[in-house]
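Examination of the molecular architecture
Here are the chains, one letter per residue:
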Amino acid sequence: DYDNDGYIDLLVVGQSNTGTGIDNTKLYINDGSGNFTKKSVSGLPMTDDAVAEWIDFNNDGIMDIAMIGKQISEKPCGVYINNNDDSFTVKSFPSLPYGQIQKGCLASGDYNNDGYIDILVAGDLSSDGGGGIVETHLYENVGGSTFTDVVISTFGIRRGDAAWGDMDNDGDLDLVISGVDDSGSRITDVYENSGSLNYNLNKSTGLAGLEYASVALADINKDYLMDIAVMGKAADSSQKTLIYENNGNFKFNLTDDLLTQLEDGSISFGDYSGDGNPDIYIHGEITPGASYNTRLYENDSSNKTSPAAVSGLSSTYLDGKLYLMWNDPGGVTKATAASYYYNFRVGTVEGQDNLVPARYGSPLLGNYITKATSSSLKGRGIYPNIDDGTVDVSAHKHVRVMNVKGSNYYWAVQSIDPALGYTWAVFGSTGGWSSEEIFKDTSSPAGLPSVPADEGEYKYTKKLAFSWNKGTARDPQTDIYGCYVEVKEEDSSGNTIVVVSSDISNKHNVMVWDNSGSASYSYGGELNKTYYMRVKARHGYMLNLPEEVYKDTTTTSYSGEADKDWLWEPYSPHYTGWSEWSDGISIIELLSINNNLIRNPGSEYAEINYNLKKDGNVKIRIFNIMGELVKTVLDDYISVAGTTKQEKWYGKNDGGKVVASGLYYVNIQAAGTEETKKIVVVK
């Protein structure tokens, strides 16, 4: 869901089939009515032999893209961070000698249970794809900001695939990998996550080695253990589509080889029929380069019971991070609970997920490709507020931390058992969803925004710009979110009126602050008047404060928190106090003309007044309606000392002759600006 609108979007990568050999990367947006429209974005590479996955690399609720491919000039391999403005910024994978991977695979999952998605890549790293450098790299995601290339047991593969899953239900993700290793042998192996920075191969797996392989994981027989589906080409060049049942302790036995035998394609599990059982989709080659097939196999087991919902939901927000906490589902055995994964959704409005959409898929994609717990997060230096107990997670087993900003936070958790059934269940129905938890801010914001800055003491144009920053304003629960502004106008006699009084964030989800915590506001003023501005900062709305706190002593019309219009008034407790007024900026008329109708040129004259605040060059010229220069009235350096200066024009040209009747234009260039006004000459 690229744009967080609740509809699953599509990314397509690879080389076009037009015969032109053009590499493509295309994003298609789903409008929810069965239509996909190509979206123009910047920052994504054009690459061949490519693999891509949607991931949320930095836990900000917005989907990023992990990608590998073949294109030395592009160096496409890395994570492309979604900037939320239809552009992407790449974080390249380290330790790739040519910045590309051919005949490769990519799998994302939180291997170390720190709450951030890590990425495994494998393939041919050489410049020509000849198999000279076949390696596998596990890139640890360090706090959503950078990568570390983790040293693991060597198992380089190409022309293969990999998938993460907790194969032994011990609370961390193991790895299934299939393809051609660096010695040229076909393999399909399961690597046990030992809980350290190493993966140990369980050599008793006995799975058929394949190349051009695809791997998928799901519990097909309801024993709460992940089974394996794999397809590809065997050593005898035959096509294979195989299902292995997980018997526990990393022992697997072949249970089905009767599916259509394919290679060089893809196999996926998904609950196509919505009965809670994993169905199988496959596509690939029957005869390489000649014939192809696509099959959907429905799992005809009896309908499976929806996974039990979690218990003990709790949440808090502190310093830009939303902490979501819950416990195992009730009424299930410890062993069953150990097999569960969790999906979740977060929104600023009841029943919605506009901050963190519920993300679905198979194999284990989206929010639930992690088994992070309170014990796996605490004491690791990842989340200081958890380490020092400021955020107390001790009463909850499961914790997720999201770097999101909103007003209030409405969220729910979906239990996902290893069968991956019901993963597409709509929130509020069956399918393992919990009830909705709400986090509301329970305190007013503190501190003050900075004093607004204007553009100086004066300006010759009517458009004014003010800017400010958050200053000391803060709210540890929902962050500073919006702004209320007042603009005051003062005339030459010192009389003042407030000309703007408004919440400029439109009362809802319009964030006025940029990434640096600054904001700005423009206003069109009038000549010969001075303008001042002050601001209040606002946090998330719909505070859960006692009703009497909201009541305004100056009115009796307030009816409580349900009176939404009142919540945007400046005396609402949603706002900080006022900043100081800005210093004030005056709008000055640079050019004015007395007697702009000359009836008797040569004796009558027009008075051309100009108002300068600093010494400088001044050029005043007269043009006719054809744009031709008639008279240069002044072209000199003027010392002004803040006074209004005056020049006279008697309706004569530079040659001293009286000009013809008609319309003329007076143009002044001074103080880095210019202005033009009209004079009429009548003989």
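Now for a quick tour of the structure. As the structure is a prediction and not an experimental result, all values here were calculated from the model. (Residues numbered from 1 in each chain as written. Predicted model: local features only at pLDDT ≥ 70, side-chain atom pairs only at ≥ 80, totals over all residues. Heavy atoms only, no water.)

Points about the pairing of strand β43 (residues 673–681)
As a reminder of what qualifies: When DSSP locates at least two bridges between a pair of strands, those strands are taken to pair. A run of H or I in DSSP counts as a helix once it spans at least four residues, and a run of E counts as a strand once it spans at least two, with each numbered from the N terminus.
As defined by bridge partners, strand β37 (residues 597–598) adjoins β43 across 2 bridges and the pair is classed as parallel. Among the inter-strand pairings, Leu597 is bridged to a residue of β43, identified as Val680. As defined by bridge partners, strand β42 (residues 662–670) adjoins β43 across 9 bridges and the pair is classed as antiparallel. Opposite Gln669, over in β43, you have Glu674 as the bridge partner. What sits between the antiparallel neighbours β42 and β43 is a turn of 2 residues, in which Ala671 has the positive phi angle 55°.

Section: the environment of Lys91
Filter applied, for reference: Contacts are assigned to residue pairs with any non-hydrogen atoms lying within 4.5 Å of each other.
Relative to the elements of secondary structure, Lys91 occurs in strand β7 (residues 88–92). Measuring from C-alpha to C-alpha, the distance between Lys91 and Ser572 comes to 43 Å, with 481 residues separating the pair along the chain. Apart from the residues within four sequence positions on either side, Lys91 is in contact with Phe57, Gly78, Val79, Ile81, Ser145 and Phe147.

Describing the pattern of salt bridges
Put simply, the rule reads: Only one rule defines a salt bridge in this text: a Lys or Arg side-chain nitrogen within 4 Å of an Asp or Glu carboxyl oxygen. Exposed residues in this analysis have more than 50% of their type's maximum accessible area, buried residues have under 20%, and partly exposed residues fall in between, with area computed by a 1.4 Å probe over protein chains only.
Within this structure, the stated rule accounts for 17 salt bridges. Here Lys233 makes a salt bridge to Glu263, at a shortest N to O gap of 3.8 Å. Pair noted here: Lys233 is in strand β17 (residues 227–233) and Glu263 is in strand β20 (residues 263–270), with a separation of 30 residues, a long-range link. Note on Glu263: relative accessible area 1%, which makes it buried. Measuring nitrogen to oxygen at the nearest pair gives 3.0 Å for the salt bridge that ties Glu486 to Arg534. Separated by 48 residues along the polypeptide, Glu486 in strand β31 (residues 482–490) and Arg534 in strand β34 (residues 530–538) bring together distant segments of the chain. Like Arg534, Glu486 is buried. Each of Arg159, Arg186 and Glu211 takes part in one network of salt bridges that share partners.

Looking at a nonpolar patch on the surface
Note the cut-off: Patch membership requires more than 30% relative accessible area and the absence of a salt bridge. Residues of like charge join within 9 Å; the nonpolar side chains Val, Leu, Ile, Met, Phe, Trp and Tyr join within 5 Å. Note on areas: Shrake-Rupley with a 1.4 Å probe; residue coverage comes only from the protein chains shown.
Together, Leu10, Val12 and Phe36 make up a nonpolar patch on the protein surface, roughly 250 Å² of accessible area in all. Its place among the elements puts Val12 in strand β1 (residues 10–15).

Structural notes on unusual backbone geometry
Even without being a glycine, Tyr212 presents a positive backbone phi close to 50°. Considering the arrangement of structural elements, one finds Tyr212 in strand β16 (residues 211–218). Note on Tyr212: relative accessible area 28%, which makes it partly exposed. In this structure, Ser237 takes a positive phi of about 70° despite not being glycine.

A closer look at the nonpolar core
For clarity, the cut-off: To form a nonpolar core, buried Ala, Val, Leu, Ile, Met, Phe, Trp, Tyr and Cys residues must be joined to one another through side-chain atoms within 4.5 Å.
Judged by nonpolar contacts, the single largest core of 66 residues is most densely connected at Val79, Phe93, Ile119, Trp164, Met167 and Ile228. Sort the elements by how many residues they give to this core and β16 lands first, with 5 residues. If near-sequence neighbours (up to four positions away) are discounted, Met167 is found in contact with Asp174, Val176, Val190, Leu217, Leu225, Met226, Ile228, Asn246, Phe250 and Phe252. Counting 26 residues, the second largest nonpolar core, distinct from the first, contains Ile598, Ile620, Val659 and Ala670.

Regarding the side chain of Ser434
Turning to its location among the elements, Ser434 is positioned in the loop between β27 (409–416) and β28 (437–439). With a relative accessible area of 7%, Ser434 lands in the buried category. In this view, Ser434 contacts Ala309, Val310, Leu313, Ala412, Val413 and Phe427; residues no more than four positions away in its chain are not counted.

Some remarks on the sheet that holds strand β19 (residues 252–256)
The following threshold applies: Axis definition: a line fitted to C-alpha atoms, limited for helices to the stretch in contact. Angles are taken between N-to-C directions and run from 0 to 180 degrees.
Here we have 4 strands laid out as an open sheet, ordered β16-β17-β18-β19, and antiparallel in their pairing. Because the sheet does not close on itself, it has two edges, and the strands there are β16 and β19. Averaged over all neighbouring strand pairs, the angle between strand axes comes to 30°, with direction disregarded. Sheet topology places β17 next to strand β18 (residues 239–246); 6 bridges connect them, and they run antiparallel. Paired with Gly232 across the strands is Lys240, a residue of β18.

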